[in-house]
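Report on the structure
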Amino acid sequence: MVTEVFTRKYCDPHAVREEKVEASEVIQFAWEGAVREVDACEECFKEHETRVEPLVDYSRPVKKRRAKKATPAQDDRPENDSADGDDE
């Protein structure tokens, strides 16, 4: 016979206040030179994002994003030309 085990993760910031709120997110933070993770609910996760700057890994090179190229035909054409064509 096979039985399934369901484990629930509870929000750690709420657990400090002795409340049981189911966790759906993970908060990452640096502590003593290591990256740690804490289970959190959506409300605590949003609050953490607004208060704390997200962790960035500076050991990897940052990729430059390509700028979108606009078509030169649309950019060079004045707006008055399109209005004159509609009047005819």
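Residues numbered from 1 in each chain as written. Predicted model: local features only at pLDDT ≥ 70, side-chain atom pairs only at ≥ 80, totals over all residues. Heavy atoms only, no water.

**Observations concerning the overall build of the protein**
To keep things clear, this is the line we draw: Each helix is a run of DSSP H or I of at least 4 residues and each strand a run of E of at least 2, with the numbering of both proceeding from the N terminus. Exposed residues in this analysis have more than 50% of their type's maximum accessible area, buried residues have under 20%, and partly exposed residues fall in between, with area computed by a 1.4 Å probe over protein chains only. Two residues form a contact once any of their heavy atoms are found within 4.5 Å. To measure how exposed things are, a 1.4 Å probe is used in the Shrake-Rupley method; for residues, cover is taken only from the protein chains shown.
Assigned secondary structure in the protein consists of four helices and two strands. Secondary structure elements of the protein occur, N-terminal to C-terminal, as α-β-β-α-α-α. Split into buried and exposed, the 88 residues of the protein put 10% on the buried side. Long-range pairs, those at least 24 residues apart, make up 26% of the contacts in the protein with a sequence separation of at least 6. Summed over all atoms, the accessible surface of the protein reaches about 9100 Å², with 49% contributed by carbon and sulfur.

**Some points on the packing of aromatic side chains**
Using the following cut-off: Aromatic rings from Phe, Tyr and Trp, taking only the six-membered ring of Trp, are treated as a pair when their centres fall within 6.5 Å; an angle between ring planes under 30 degrees marks them as stacked, one over 60 as edge-to-face, and anything in between as tilted. A positively charged side chain is recorded as over a ring if its NZ (Lys) or CZ (Arg) lies within 6 Å of the ring centre. The angle to the ring normal must also be within 35 degrees.
By the definition in use, this model includes zero aromatic pairs. The lysine or arginine in question, K20, covers the ring of Y10, its NZ or CZ lying 5.5 Å from the ring centre.

**Describing the side chain of H14**
Within the secondary structure layout, H14 lies in helix α1 (residues 12–16). Once residues lying within four places of it in the same chain are set aside, the contact partners of H14 are E19, V21, C41 and C44.

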